[in-house]
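Close look at the chain arrangement
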Amino acid sequence: MTLVAGVDSSTQSCKVVVRDLVTGEVVRTGRASHPEGTSVHPDHWWTALLAAIDDAGGLADVAAISVGGQQHGMVALASDGTVVREALLWNDTRSAQAARDLIAEFGAEELVRRTGLVPVASFTSTKLRWLRDAEPENAAKVAAVALPHDWLTWRLRGYGPAVESPLGPDLEALTTDRSDASGTGYWSPASGEYDRELLVAALGHDAIVPRVIAPDGSAGTVHIDGPTEIVVGPGAGDNAGAALGLGAGEGDVVVSLGTSGTVFAVTPEPVTDASGTIAGFADAAGQYLPIVVTLNAARVLDSATRLLQVDFDALAELALSAEPGAGGVVLVPYFEGERTPNRPDATASLMGLTLASSTRANIARAHVEGMLCGLADGVDAVRARGLDAKRVLLVGGAAFNPAVGKVAAQVFGLPIDIPKPGEYVAMGATVQAAWSLTGEKPQWTVDMETHLEPDLRPAVREQYRAATEQLYA
Ligand SMILES: Nc1ncnc2c1ncn2[C@@H]1O[C@H](COP(=O)(O)OP(=O)(O)O)[C@@H](O)[C@H]1O
Ligand SMILES: O=C(CO)[C@@H](O)[C@H](O)COP(=O)(O)O
């Protein structure tokens, strides 16, 4: 049996999935946690990757591997291959002013034309501009800039600081893929090329950036365990990885409820949006991935479990015992600021509480509804750009909560399919690994666990919209 492995080095953890090349059956999995925080030293990801690979039974019998991961993280490398400073992650908002500065210097329309993106704090370019302005001595040390999946792929292939790696600090050996490159703010999905002027404008000087590997290409090979060489795939940004893992196609809108909330689809042509609501990414298979991303998703429910002192199952039971609309209680869930809409300094607000409505059940339901209403705005946005949505594919850690699917059917107004529990970003990376190994993209089936017909309750979104207008009009 030939096996292939896929990795998802995401915000909160690293997941490894090992699959049978022929059938696609998942034969082993592994996982290891990441530290909390929006600024993390990449060495923690490396340690977690090795632990997750070990937890998945090692790679001695694996023929290929590919690494997917959280997007946008700024991995700043010095000429000796060492990490200059902790990586600012996609959910770090300190570069919000830097984003505004880049827009002021180039104009939103021009930046969208050149990169498909209107800068927000999440994107790598704004983090580089923050570094230039806030830590000029560190910015001066930067010889190369990589993303989390790029750096892990480089380390996995044996590169890194001379004292830690057999192949040493060859920065020109860094690789990435088009999906992750498209989240930097200095690469163009339309042209497939880096926009060096924008990189220099952000960082203050030029730097080595990873070579972009084609979707069916390989980043090289590596000896990990044993005598065999393991083919290393191009890797991907996590959302493009999920699209691959799900086999997302025409009519599918993927809603992922991980640390981030994302709404995305695979399109044959690039999508741009000068308002910044939709980011015009590339996918991992040669097409495009228009996407809406919120900062607040699964952690909204984490917060609810702490507030109500319940586990996820009890939270679901409470939420499902309340009526749609939670008796008028509305949570605007901007616990970590918000990216879409771009309100980096916002905080969460619980509104509509009266003596009658302030019950545990209504507060539980308001957390589920608030989390999903922000994403429903994203579904509306991609449909308004002409996407002929036929169903929502609901994935990510929070998607497996029984209350989430039911409420999603009430706010998205589309059929909901929830696949069997699995790590779909890592599954997408196994598709890449198989593709790099054989030259053919595997056509493995994806089994659905739950189907829900639409059960639209307009009042839920109407009261959410009224609450946000009251707060931010
Ligand atoms: N049954 C559940 N109900 C609600 N949230 C859940 C449930 N199971 C896991 N989660 C949450 O899902 C998140 C992890 O999802 P995941 O997609 O792995 O995140 P990421 O990829 O961003 O690291 C955590 O915040 C976790 O608390
Ligand atoms: O910023 C984005 C996409 O633009 C996020 O989707 C990150 O890529 C984090 O992903 P998760 O850890 O939530 O999976």
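Residues numbered from 1 in each chain as written. Chains lettered and ligands numbered in written order. Predicted model: local features only at pLDDT ≥ 70, side-chain atom pairs only at ≥ 80, totals over all residues. Heavy atoms only, no water.

As named in an unreviewed UniProt entry, the protein is Xylulose kinase, taken from Demequina lutea.

1. As for the packing of aromatic side chains
We apply this condition: Stacked, edge-to-face and tilted labels apply to pairs of Phe, Tyr and Trp rings (six-membered ring for Trp) whose centres lie within 6.5 Å, assigned for plane angles under 30 degrees, over 60, and everything in between, in that order. Runs of H or I in DSSP of at least four residues are treated as helices and runs of E of at least two as strands, each being numbered from the N terminus. The cut-offs for exposure are 20% and 50% of the maximum accessible area for each residue type, with area from a 1.4 Å probe on protein chains only; residues under the lower value are buried, those over the upper are exposed, and the others partly exposed. Only lysine NZ and arginine CZ atoms are considered, and such an atom sits over a ring when it is within 6 Å of the ring centre and within 35 degrees of the ring normal.
One pass over the full model with this rule turns up 4 aromatic pairs. Measuring from ring centre to ring centre gives 6.4 Å for Phe123 and Phe281, while their planes differ by 65°; the resulting arrangement is edge-to-face. Residue Phe123 is found in the loop between helix 3 (108-115) and helix 4 (124-134), and its partner Phe281 is found in strand 18 (residues 279-282); the two are separated by 158 residues along the sequence. Residue classification places Phe281 among the buried residues on the basis of a relative accessible area of 1%. Seen in terms of ring centroids, Tyr186 and Tyr194 are 6.4 Å apart; in terms of plane orientation they differ by 25°. Their pairing is stacked. Taking the ring centre of Trp130 as reference, the NZ or CZ of Arg94 above it sits at 5.3 Å. Lying across the ring of Tyr288, Arg178 places its NZ or CZ 5.1 Å from the centre.

2. What about the packing of helix 4 against helix 8 (residues 196-203)?
A pair of packed helices is captured by two measures, namely the crossing angle of their axes and the spacing between those axes. In plain terms, the rule: Between N-to-C directions, angles span 0 to 180 degrees; the directions come from axes that are lines fitted to C-alpha atoms, helices contributing only their stretch in contact. We call two residues contacting when some pair of their heavy atoms lies within 4.5 Å. Here the term charged refers only to Asp, Glu, Lys and Arg, the term nonpolar to Ala, Val, Leu, Ile, Met, Phe, Trp, Tyr, Cys and Pro, and the term polar to all other amino acids, Gly among them.
Contact geometry for helix 4 and helix 8: axes closest at 6 Å, N-to-C directions at 40°. Taking contact as the criterion, the partners of Ser125, Leu128, Arg129, Leu131 and Arg132 in helix 4 are, on helix 8, Leu199, Ala201, Ala202 and Leu203. Within the contact of helix 4 with helix 8, the residues separate by chemical class into 6 nonpolar, 1 polar and 2 charged.

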